[in-house]
Amino acid sequence: MHSDDPRFMSRALELAARGLYSADPNPRVGCVLVQAGEIVGEGWHARAGEAHAEVNALRAAGERARGATVYVTLEPCCHHGRTGPCTEALLAAGVSRVVAATIDPDPRTAGSGLEALRARGVEVSSGVLEDQARALNVGFLTRHTRGRPFVRIKMAASLDGRTAMADGESKWITGPAARRDAQHLRARSSAIVTGIGTVLADDPALTVRDVAPEDGGPVRQPLRVVLDRRLRTPADASLLHQPGATLIATSSRDAASRRRLADAGAEILTLADDGRAGLEALMTSLAARECNEVLVEAGATLAGAVLEAGLADEIVVYTAPLLLGDSGRGLFHLPGIRRLAQGLALDVVDVQPVGRDWRTTARVRSR
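As the structure is a computational prediction, the values presented were derived from the model and not from experiment.

Rules used in this analysis
Residues numbered from 1 in each chain as written. Predicted model: local features only at pLDDT ≥ 70, side-chain atom pairs only at ≥ 80, totals over all residues. Heavy atoms only, no water. Core = buried A, V, L, I, M, F, W, Y, C linked by side-chain atoms within 4.5 Å. Buried < 20%, exposed > 50% of the residue type's maximum accessible area, 1.4 Å probe, protein only. Contact = heavy atoms within 4.5 Å. Helix = DSSP H or I, 4+ residues; strand = E, 2+ residues; numbered from the N terminus. Arc of directions from axis to C-beta. Polar contact = N/O pair within 3.5 Å; in protein donor to acceptor, adjacent residues only side chain to side chain. 1 Å grid on protein atoms, 1.4 Å probe; cavity = no way out; pocket = protein on both sides within 12 Å on 5 of 7 lines; lining within 4 Å. Points joined across faces, edges and corners; volume = space filled by probe spheres on them. Nonpolar A, V, L, I, M, F, W, Y, C, P; charged D, E, K, R; others polar. Pairing = 2+ DSSP bridges. Axes fitted to C-alpha atoms, helices over the stretch in contact; angles between N-to-C directions. Phe/Tyr/Trp six-rings, centres within 6.5 Å; stacked < 30°, edge-to-face > 60°.

Trainee: Please clarify how the nonpolar core should be interpreted in this entry.
Mentor: Within soluble globular proteins, side chains that are nonpolar tend to cluster in buried spots. Within the largest apolar cluster, 32 residues are counted, with the highest numbers of intra-cluster contacts made by I153, V193, V225, L227, L282, L286 and V306. For V193, the residues in contact, after removing those within four places along its chain, are V225, L227, L286, V294, L295, V296, E297 and L302.

Trainee: I keep staring at helix α3 (residues 86-93) and nothing clicks. Help me out?
Mentor: A turn of α-helix holds 3.6 residues, and therefore any two residues three or four places apart point the same way. Every buried residue of α3 is accounted for by C86, T87, L90, L91 and A93. Along the axis of α3, the buried residues cluster in a sector spanning 165 degrees; they form a single face. Looking at the buried side of α3, the elements it contacts are α2 (53-61), β3 (69-72), β4 (97-100) and α4 (112-119). One or two residues past the end of α3 sits G94, with phi positive at roughly 80 degrees.

Trainee: Explain the environment of R148 here, please?
Mentor: Along the polypeptide, R148 turns up in the loop between α6 (138-146) and β6 (150-158). Expressed as a C-alpha distance, the spacing of R148 and E293, which sit 145 residues apart in the sequence, is 9.1 Å. Among residues more than four places away in sequence, those in contact with R148 are T142, R143, M283, A287, G310, L311 and D313. At a separation of 2.8 Å, a polar atom in the side chain of R148 contacts the side chain of D313.

Trainee: Which parts of the structure should I look at to understand empty space enclosed by the protein?
Mentor: One simple way to see leftover space: roll a probe sized like a water molecule over the atoms. Scanning the entire structure with this criterion turns up one cavity of 30 Å³ or more. A volume near 50 Å³ is recorded for the largest cavity. D24, N26, P27, R28, L136, N137, G139, F140, N292 and E293 together form the lining of the largest cavity. Among the residues making up the lining of the largest cavity, the classes are represented as three nonpolar, four polar and three charged.

Trainee: Is there a simple way to explain the sheet that holds strand β5 (residues 123-126) in this structure?
Mentor: Through backbone hydrogen bonds, the strands of a sheet pair up, either in parallel or in antiparallel fashion. What the five strands build is an open sheet, ordered β2-β1-β3-β4-β5; its pairing is mixed. Two strands close off the open sheet at either side, each with one partner strand: β2 (38-44) and β5. The average angle at which neighbouring strand axes cross in this sheet is 15 degrees, direction not considered. Bridge count between β4 and β5: four bridges; the pairing is parallel. Across the sheet, the residue bridging to V99 is S125, located in β5. Set on the sheet, α2 makes contact with β1 (30-35), β2 and β3; between it and β2 the angle comes to about 140 degrees. Most of the contacts of α4 go to β5, to which it runs at about 155 degrees, and overall it touches β4 and β5.

Trainee: What is the right way to look at the packing of aromatic side chains in this model?
Mentor: The description of an aromatic ring pair uses the distance of the two centres, along with the angle that the planes make with each other. Counted under the stated rule, the structure contains one aromatic pair. With 5.4 Å between their ring centres and 35 degrees between their planes, F8 and Y71 make a pair best called tilted. Note that F8 is positioned in helix α1 (residues 5-16) and Y71 in strand β3, a separation of 63 residues in sequence.

The following block contains the structure:
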């Protein structure tokens, strides 16, 4: 590794983050071209079907790309997809060295992109600021290595761990700043999953609001997914009448209800099982739809079921400086935990104040 590699890769990561809310289902990728210690071209990937980061950086550099060192946050692709192979563009431009933060897990590349460059005389290396690059594309990496999306559960609670009063009243436990902050979790997600209980109680829209993509283009609305065993979603439910698509996952075969919801614009996904196997099948189906990150916004029952199924990777809890008492509803329904030793271990990775509230982010330890 050269001494300047971390500095230039850090800039490439800054560029990649511009695609946080728009690049999905593609990875967020940034690229920097350097000649004699000077940046001569930069680029990032904004949206699927548009030019990749490497191509945008090459265009910006022009003739100065010849002999340059390329810093890219993900291994350049070597296959024909929505666009042409980035390896061919780099070779045609005559670059001399390519540094990738991490290997692309897509089996169509998976190391062969760097190998193709090496075979044509380009010096290659990888692993510079790899942890940061992996964190930026945690969903894309999870989908290709584990066959399911990265699953994040978002909850809002009082300081004593209550998400609602006994009668279901919950608007609003947290303040406006926390609710605005949570919109960024929606904006980076491929899909938002909720349960029929939340739909019937709150009639949520589950849309992204007040988050603008860096490229100035339209807001990308995540797929809205409702787990609805008996197809009780009302045809006039708010989430059925928003921009973007709604998927209702059910084990019901009731033809009339399926037709009613299809007429309201929903797509119906049939699950053979209502329990853990059904949740696993849902996540597999979402991965097949190129969903990288899934946000679960639901009540204690569904949130607990996702945790018990071993499908949750991260939990984000917004905690309000408020006490709601013993009769309030809890965060997670986890009836299988009866002893302290059975508790689900978490690693807190971040705690931040958001207005008057606090946002805690924790990773679920592998069991």
